[in-house]
Amino acid sequence: MQHVSVPSGLSHIGLLAKYELSKRFTNKSGMVALIAFMLIWAILLLYPIKSASEFIMEPNFRSFTEALFGPGSLQHLFEWPVAEFAVFWLAALYLFPLFSIFIAADQFSSDKQRGSLRFLTLRVSRSSLFLGRFAGQMLIQLSLIILTLLATIIMVVSRDMTLLAAALSTSLLVMVNLFIVVLPYTAAMALLSLHANSARQASIFAIILWALVSIVIGLINFKFPQLSGLSIILPGSQISSMINTQGISSLAYSPIPLLQTVVILGLGNLLMKRSAL
């Protein structure tokens, strides 16, 4: 008698992640969102990033920033081997987390309203569903990061072909960093979408939560300066420190978002198991 192997939890997570990725880039709404995303980044690359990278290469601009922000405040920004990636780094550190709030907002809310989550949990465990959706959203965002990096490399090579090797190595480090940076944001949206009734509501919840937590942490730090490390609980708390980094040293801040992601996913998985779908 032939035995049929039952797919494991990891197999379910992988299948769900692949489905999320294919769904995003094959359905109409996903394609519209992709086109809008690429148009926004095309404008950013062709105008602010390209123009700003030309300023960075000017010696007078470095003197101006040192006079404005203080000596050495942005010294690593001028050590980037490719000027375009220095400006891309500044923009992407803030824009990709913002995009992730909206891109990953509908991980569960729509299915919960339609009642399809109950149908899905008959075939896979709740943990596999939660982690599979999260992994799928991260694959989507990794694809978007790679697309923008490829566009930046093309822009760099069009200026100077000899910078191709430096652009490729730099883009790899930037890709790893950005992927790690958006991890806790995507995990937080997975958690919030379990409570929200729509993607818009999940995004509003995220903005309100970030604002409230930032205000509370600011008040606590003002009253008790010794608790300044409390800001580590908020995703993105390390971004301002990452701006003045370059190369492999930028990965020194990766433990913060990785730890945040583990904690948020743990809470989300617990809520997924206990919530009524």
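Residues numbered from 1 in each chain as written. Predicted model: local features only at pLDDT ≥ 70, side-chain atom pairs only at ≥ 80, totals over all residues. Heavy atoms only, no water.

### Re the overall build of the protein chain
We count it as follows: Each helix corresponds to a stretch of at least 4 residues labelled H or I by DSSP, and each strand to a stretch of at least 2 residues labelled E; elements are numbered beginning at the N terminus. Here the term buried applies to any residue with accessible area under 20% of the maximum for its type, exposed to any over 50%, and partly exposed to those in between, with areas from a 1.4 Å probe on protein chains only. In what follows, residue pairs with any heavy atoms lying within 4.5 Å of each other are defined as contacts. All accessible areas in this document rest on Shrake-Rupley with a 1.4 Å probe, and a residue is counted as covered only by the protein chains that are shown.
Each helix and strand counted, the protein chain has 11 helices and 0 strands in total. Scanning the protein chain from its N terminus toward the C terminus, one meets helices and strands in the order α-α-α-α-α-α-α-α-α-α-α. In the protein chain, which comprises 277 residues, the share counted as buried stands at 40%. For the protein chain, the proportion of contacts with a sequence separation of at least 24, taken over those separated by at least 6, is 79%. Surface accessibility of the protein chain: about 14800 Å² in total, with carbon and sulfur atoms responsible for 70%.

### Focus: the pattern of salt bridges
Under the convention used in this document: Each salt bridge in this description consists of a side-chain nitrogen of Lys or Arg and a carboxyl oxygen of Asp or Glu lying within 4 Å of one another.
Scanning the entire structure with this criterion turns up 5 salt bridges. Here glutamate 20 ties to arginine 133 by a salt bridge, and the two come within 3.0 Å at their closest N and O atoms. With a gap of 113 residues between them, glutamate 20 in helix α1 (residues 9-26) and arginine 133 in helix α7 (residues 126-159) connect regions that are remote in the sequence. Classification of glutamate 20 by relative accessible area gives buried; the value is 4%. Of the charged contacts, one joins glutamate 84 and arginine 159 as a salt bridge, the two residues approaching to 2.6 Å between their closest N and O atoms. With glutamate 84 in helix α4 (residues 83-103) and arginine 159 in helix α7, the pair connects residues that are 75 residues apart, well separated along the chain.

### Considerations on the confidence of the model for the protein chain
Low pLDDT means the predicted atomic positions in that stretch should not be read closely. Selection rule: What pLDDT expresses is the predictor's confidence in each residue, scored from 0 to 100.
When the pLDDT values of the protein chain are averaged, the result is 85; 90% of them are 70 or greater. Within the model, the stretch residues 1-6 combines pLDDT values under 50 with 0 contacts to residues more than four positions away or in other chains.

### Digging into helix α2 (residues 28-56)
Stated formally: To estimate the expected span of a helix, count its residues, drop one, and scale the result by 1.5 Å.
The terminal C-alpha atoms of α2, which comprises 29 residues, lie 40 Å apart, in line with the 42 Å expected from a rise of 1.5 Å per residue. Regarding α2, the residues found buried are Gly30, Leu34, Phe37, Trp41, Leu45, Ile49, Ser53 and Ile56.

### A closer look at the packing of aromatic side chains
What counts here: Two aromatic rings, drawn from Phe, Tyr or Trp (for Trp, its six-membered ring), form a pair once their centres lie within 6.5 Å of each other, and the interplanar angle then sorts them: stacked below 30 degrees, edge-to-face above 60, tilted otherwise.
Per the stated rule, a full pass over the model turns up 9 aromatic pairs. Centroid distance phenylalanine 37 to phenylalanine 99: 5.2 Å. Interplanar angle 70 degrees. Geometry classified as edge-to-face. One end of the pair, phenylalanine 37, is in helix α2; the other, phenylalanine 99, is in helix α4, and 62 residues separate them in sequence. The two residues phenylalanine 37 and phenylalanine 99 agree in class, both being buried. On the basis of an interplanar angle of 5 degrees and a centroid distance of 5.7 Å, the ring pair of phenylalanine 108 and phenylalanine 130 is categorised as stacked. Pair noted here: phenylalanine 108 is in the loop between α4 and α5 (109-114) and phenylalanine 130 is in helix α7, with a separation of 22 residues, a long-range link. Since its relative accessible area comes to 1%, phenylalanine 108 is described here as buried. The class of phenylalanine 130 is buried, set by a relative accessible area of 0%. Three or more aromatic residues joined by ring pairs form one cluster here, namely Phe37, Trp41, Phe85, Phe88, Phe96 and Phe99.

### Focus on the packing of α4 against α7
Threshold: Only the stretch in contact is used when fitting a helix axis, every axis being a line fitted to C-alpha atoms; angles between N-to-C directions are given from 0 to 180 degrees. Oblique is the label for any angle not under 35 degrees, not over 145, and not in the 65 to 115 range, which are roughly parallel, roughly antiparallel and roughly perpendicular in turn. Definitions for this section: a left-handed crossing has its near helix turned counterclockwise from the far helix by less than a right angle. A right-handed crossing has that turn clockwise. Here the nonpolar group is Ala, Val, Leu, Ile, Met, Phe, Trp, Tyr, Cys and Pro; Asp, Glu, Lys and Arg are the charged ones; every other residue, Gly included, is treated as polar.
At a minimum axis distance of 11 Å, the contact between α4 and α7 shows a crossing angle of 155 degrees. Looking at the two axes, α4 sits roughly antiparallel to α7. Seen from above, α4 lies across α7 with right-handed handedness. Across from Ala83, Glu84, Phe85, Phe88, Phe96, Ser100 and Ile103 in α4, the residues of α7 making contact are Gln137, Ile140, Gln141, Leu144, Ile145, Thr148, Leu149, Thr152, Ile153, Met155, Val156 and Arg159. In the contact of α4 with α7, the residues fall into 12 nonpolar, 5 polar and 2 charged.

### Thoughts on the side chain of serine 128
In plain terms, the rule: As used in this structure description, the phrase polar contact means that two N or O atoms lie within 3.5 Å; if the pair is within protein, one of them must be able to donate a hydrogen and the other to accept it, and residues adjacent in sequence are counted only when both atoms belong to side chains.
Take serine 128: it is sitting in helix α7. At a separation of 2.8 Å, a polar atom in the side chain of serine 128 contacts the side chain of serine 125. Other than its neighbours up to four places away in sequence, serine 128 contacts Gly9, His12, Ile13 and Leu16.

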